[in-house]
Amino acid sequence: MDAGVRRVMGLISEMNVRYVVPVYQRPYSWGEEQCLQLWDDILACGRSREQTHFTGSIVTMQDGTASPQGVAALAVIDGQQRITTIALLLVALARYADAHGKERLPFSRQEILMSGYLTNPFRSGDDHYKLTLSKGDRATFRAVIDQLEDPSRPAPEGPSRILDNLALFERRLDALANVATVWEGLRRLEVVSVTMAQGRDNAQLIFESMNSTGKDLSAADLIRNFVLMKYPLDRQAQAYQTYWKPLEDVLAPLADEDAFDDFIRCFFQMAYAPERLGDADLYQVFKRYVSANAYDANDRMGFLCLRLKDFAGYYVDAVRGGLSAADATDPVARRTSFHLAGIARLGGSAARPLVLELFRSCRRRECTRVQLADMLGVLESYLLRRAVCDCEGSAQEHFLRHLVAKLAAVRSAGEKYFESYVALFLVEEGTPRRFPADDEFRRALLTRDCFGFAQAPFLLARLNARLAAGAAGAAQDDAAEDAAIACAAAGVPGSSVDASALPEGWGVEHVMPVGALADPAWAQALGPDARLAFERGVNALGNLAPSAYPYDLQDGTLAQKQGRLARDADGRSVDAPLCRDVIAAQAWGPTQIEARGRALADVALGVWPLPHMDAATLEAFRPSRRAAQVKTVTWQDLVDSGVVQMDDVLVSVSPMYPGRATVTSTGRIMLATGETFDDPTAAYERFLGAVGAHETGLNGWTHWRLGEGGPLLDQLR
């Protein structure tokens, strides 16, 4: 490693050198604030002729090779924002000199172009450009340089930080009395230049130490750098296109720059449940995971990216609330998407690790697609009932994290996944983590302020869809649920397509208006104790209806209200099932509100049922019983008991991917690659990767046999 203080202009103008921003670096991201800070520093330096100004560090990596034209490419590990911004200021100065030819300036457009600041003037192709940016910035920046060299070439267009900052510097130069000050300040800017040699210096450790505060780079930036830095410079672009970009493409539909960080948090919250992970821990947790699973050995980083890509797809479905490219004619897919939409609205990010776990269990064939849809339905019911009953949020978050860990234990123990999942919800009765029973749920629906309830639009939309199906049905009525989903998909009046929200522009309307006490007709309808009846009924479930006019005629008559509920925003007739009884009512007061509330509560019990399990089965899942009766049989237990012994052979059951592993003298599973594992699933996943298959997350207990034709490991325990 070579390090020292250098003048920026001397550093970037070295001949036969070009700077390349690797593909793993984030795009150019400096905004006006950062550019103006550098501008002010340059002016201060230029006006004080006796001082220099230190402006940070530039860290590069070289591999000791050069192009056929003799130009060495240096990968910019740190400092690309600074180098790029200085290059844009040089372009602005060159343009200024060209436009003000009569002024006496200490620089010229030709000098800037021929002195190696922006180009290697006598080289062609990539070697011609002194700075090569990454991703979408590259073409824009090169177009800027090309147009500076040949003004007849078209100027780059479109939204770009590069063009915005270039225009900013041009405006600042035009407003400056003495532009020579900028040139003088640039010439005295200093940096610490650190040049490393590939294979000799650890660029990742240096990179981390220079960004250890976590303020500059997100977890996504750090992880991307970590993954791609594992490859030599000449393979990084290929590794990015093959492994990393497909992962980014999966998350791209979310159009959220923080999506990767949240996805990684959810993934590791699932992988390390019940450990609670903070955003600041994500990068260190990622490195821990890589080391523990040997992804940093034998060129396995690509397999990790493919594994993350699978889970990123599950994450996108969880966030968007529906299966991507699902078959609309498949009732199981429709039910899965239906419940994902509800969970996305009710559970937010806290429920996503559990959703990832459920998708993983289905992929491992520990549950069927139908059971996956049912489990998501149980989760939606749990979240909605607790929201209606105002149950403690921290207890819910605690339960969801620990549920993921308990399901991992169920998998290790080889127990029935679906039954265990349902039981783990039900055994929490009487605790802050409980699944509210029917009595508690009904009571809350009839007594709470439903208008002020954050999920009121969701509640009404789902009730509306169920009523549209013509089923106020019993709990766990699959036919009623399927009919409601089909109606929602067809576009039920008064609910969105997935029935998880009201249509755009619709809202929740009071039937008896908020100004009822001031209206003689409404006050008479409220009865002798009008104020008490008003307070009990105005925000009750029975007094609410979906409407395209939620803010119009809030204090209208019953007839006016009914007219509004029967039409959409364009005045066309609309038949929202949830509004039918209101529209047909001859009068509206406490009696009607209470009766409608009870009827809707009955519907809600069917829409969000409490799962059932026979008492004997449930009893076996109670914590005290589990501690006494259930013991997870691990691989080490099989070794300690002598069921498997040294030199035993494990055989893959897959006819497509035949292979073997052996048991070592220390009881570990050794693959043909020489790698050893103490878990059958980890060993099988690595075996698949070693034979060129995608690491699918299959359960090793059900995919290894003990010897040719022998029992599955799962049968041995």
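Above this note sits the structure.
This structure is a prediction, so every number in the text was calculated from the model and none was measured.

Conventions used here
- Residues numbered from 1 in each chain as written.
- Predicted model: local features only at pLDDT ≥ 70, side-chain atom pairs only at ≥ 80, totals over all residues.
- Heavy atoms only, no water.
- Helix = DSSP H or I, 4+ residues; strand = E, 2+ residues; numbered from the N terminus.
- Expected span 1.5 Å × (residues − 1).
- Buried < 20%, exposed > 50% of the residue type's maximum accessible area, 1.4 Å probe, protein only.
- Pairing = 2+ DSSP bridges.
- Core = buried A, V, L, I, M, F, W, Y, C linked by side-chain atoms within 4.5 Å.
- Contact = heavy atoms within 4.5 Å.
- Salt bridge = Lys/Arg side-chain N within 4 Å of Asp/Glu carboxyl O.

A. A look at helix 16 (residues 369–388). Taking 1.5 Å per residue as the helical rise, helix 16 with its 20 residues ought to reach 28 Å, and the 29 Å between its terminal C-alpha atoms agrees with that figure. Counting buried positions along helix 16 gives 15 out of 20 residues, so the element sits mostly inside the fold. Just downstream of helix 16 lies D390, where phi reads positive at about 55°.

B. Spotlight on the pairing of strand 9 (residues 649–652). Where strand 9 and strand 10 (residues 660–663) come together, three bridges link them in antiparallel fashion. Counterpart to V649 in the pairing with strand 10 is T662. Taken together, the three bridges between strand 9 and strand 13 (residues 704–706) define a ladder with antiparallel strand orientation. Across the sheet, residue S652 finds its bridge partner in strand 13, namely W704.

C. View of the nonpolar core. One finds F263, Y421 and L463 to be the most contacted residues of the largest nonpolar core, which totals 122 residues. By residue number, the principal contributor to this core is helix 13 (residues 301–320), which donates 11 residues. Once you skip the residues sitting within four places of it in the chain, L463 turns out to touch L541, L578, L600, V603, A604, V607 and W608. Listed in part, the 55 residues of the second largest apolar core include Y19, L36, I162 and L166.

D. Fine view of the pattern of salt bridges. Summed over all chains, the structure comprises 36 salt bridges. We note a salt bridge from E190 to R7, for which the minimum N-O separation is 3.5 Å. One end of the pair, E190, is in strand 6 (residues 189–197); the other, R7, is in strand 1 (residues 2–7), with 183 residues separating them in the sequence. Residue classification places E190 among the buried positions, given a relative accessible area of 19%. Judged by relative accessible area, which is 37%, R7 ranks as partly exposed.

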